[in-house]
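Structural overview
What follows is each chain in one-letter form.
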Number of protein chains: 2
Amino acid sequence: MQITSEIIGYVAATLTTSSFLPQAILTIKTRDTEGLSLSMYSIFTAGVLCWLIYGIFISDKAIIFANSITFLLAASILFVKIYNILTKGN
Amino acid sequence: MQITSEIIGYVAATLTTSSFLPQAILTIKTRDTEGLSLSMYSIFTAGVLCWLIYGIFISDKAIIFANSITFLLAASILFVKIYNILTKGN
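The following paragraphs examine the structure supplied in this document. Keep in mind that what you see is a predicted model, and the values were worked out from it rather than measured.

Quick look at the packing of helix H2 (residues 38–57) of chain A against helix H3 (residues 61–88) of chain A
Residue and element names in this part refer to chain A.
- Interaxial distance between H2 and H3 falls to 8 Å at its minimum, and their mutual angle equals 155°. Of the possible angle classes, the one that applies to H2 and H3 is roughly antiparallel. Handedness of the H2/H3 crossing: left-handed.
- Among the residues making up the contact of H2 with H3, the classes are represented as 17 nonpolar, six polar and one charged.

Encoded structure:
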């Protein structure tokens, strides 16, 4: 039962993180963030950070694994977005 | 400690679910899914479903709460996307 739930946790982590990868790669590569919403990415990044803290609190490896990677990706996108707003206005 | 982690869990759940809401509302309202990736939404929806199953396995209310709402939203978007592909080809 515990192994089954751990496997499901890691499958979940891999799937949701993978689904976020194409956007992250595209944004980091092109630096084009015009089509991305600042408020949406700010809320999402803060949420992922909270999930990461939550995972550390309850010592859940799957949650820590998924959200540390997603946080790095989301924070990178947010950083490029804020940089673009400050330098180019979008 | 337990109450603190529960609060962080619900804050995380509210933030990540909220960040997904504008896309869901826009898609359900306009039925326009041309700009959305079928593979990305399929992987994301499957991932959220796995998180929901994981939450049920480990009896974690914040995970169940966040992922049941996000699953309904993501599945609705995926449903509209598949319907559009079958009827209009995109």
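Some points on helix H1 (residues 2–30) of chain B
- Spanning 29 residues, H1(B) covers 42 Å between terminal C-alpha atoms, matching the ideal 42 Å at 1.5 Å per step.
- Of all the bends found along H1(B), the most pronounced is centred on Leu21(B) and spans about 30°, while Pro22(B), a proline, follows it within four residues.
- Within the span of H1(B), buried status applies to Ser5(B), Ile8(B), Gly9(B), Ala12(B), Ala13(B), Thr16(B), Thr17(B), Ser19(B), Phe20(B), Ala24(B) and Thr27(B).
- The inward-facing, buried residues of H1(B) abut H2 of chain A together with helix H2 (38–57) and helix H3 (61–88) of chain B.
- Following H1(B) by one or two positions, Arg31(B) has its phi on the positive side, about 60°.

Some details on the relation of the copies chain A and chain B
- With an RMSD of 0.0 Å, the fit of chain A onto chain B corresponds to turning through 180° and sliding 0.0 Å along the axis. On this basis, the relationship between the two copies can be described by a two-fold rotation axis. Across chain A, the smallest distance between a C-alpha and the rotation axis is recorded for Ile63(A), namely 4.9 Å.
- Interface overlap between copies: 100% of the residues of chain A at the interface are likewise at the interface in chain B, consistent with a symmetric, same-surface contact.

Things to note about the nonpolar core
- In terms of nonpolar packing, the biggest core is built from 18 residues, with Trp51(A), Tyr54(A), Ile63(A), Trp51(B), Tyr54(B) and Ile63(B) touching the most fellow members.
- Contributions of two or more residues to this core are made by helix H1 (2–30), H2 and H3 of chain A together with H1, H2 and H3 of chain B.
- Setting aside anything within four residues of it in sequence, one finds Tyr54(A) in contact with Ser5(B), Glu6(B), Ile8(B), Gly9(B), Asp60(B), Ala62(B) and Ile63(B).

Considering the packing of aromatic side chains
- A complete count under the given rule lists ten aromatic pairs over all chains for this structure.
- The structure contains a cluster of three or more aromatic residues connected by ring pairs, namely Phe20(A), Tyr41(A) and Phe44(A).

A look at the interface of chain A and chain B
- Between chain A and chain B, the contact holds 29 residues from the first and 29 residues from the second.
- Taken together, both faces of the contact between chain A and chain B bury some 2400 Å²; the carbon and sulfur share is 82%.
- Interface area lost by chain A to chain B is led by Trp51(A), Tyr54(A) and Phe57(A), which between them contribute 27%.
- Taken together, chain A and chain B are joined by zero salt bridges.
- Summed over the shared surface of chain A and chain B, the result is four residue pairs in polar contact (both at pLDDT 80 or more).
- Counting only elements with at least two residues in the side of chain A that touches chain B, the list comes to H1, H2 and H3 of chain A.
- Per-class residue counts for the side of chain A that touches chain B are 20 nonpolar, seven polar and two charged.

Definitions and limits used
- Residues numbered from 1 in each chain as written.
- Chains lettered and ligands numbered in written order.
- Predicted model: local features only at pLDDT ≥ 70, side-chain atom pairs only at ≥ 80, totals over all residues.
- Heavy atoms only, no water.
- Axes fitted to C-alpha atoms, helices over the stretch in contact; angles between N-to-C directions.
- Helix = DSSP H or I, 4+ residues; strand = E, 2+ residues; numbered from the N terminus.
- Parallel < 35°, antiparallel > 145°, perpendicular 65-115°, else oblique.
- Left-handed = near helix turned anticlockwise from the far one by under 90°.
- Nonpolar A, V, L, I, M, F, W, Y, C, P; charged D, E, K, R; others polar.
- Expected span 1.5 Å × (residues − 1).
- Bend = angle between axes of the 7 residues up to and from the residue.
- Buried < 20%, exposed > 50% of the residue type's maximum accessible area, 1.4 Å probe, protein only.
- Contact = heavy atoms within 4.5 Å.
- Least-squares fit on C-alpha atoms with pLDDT ≥ 70 in both.
- Core = buried A, V, L, I, M, F, W, Y, C linked by side-chain atoms within 4.5 Å.
- Phe/Tyr/Trp six-rings, centres within 6.5 Å; stacked < 30°, edge-to-face > 60°.
- Buried area = accessible area lost by both parts, 1.4 Å probe.
- Salt bridge = Lys/Arg side-chain N within 4 Å of Asp/Glu carboxyl O.
- Polar contact = N/O pair within 3.5 Å; in protein donor to acceptor, adjacent residues only side chain to side chain.

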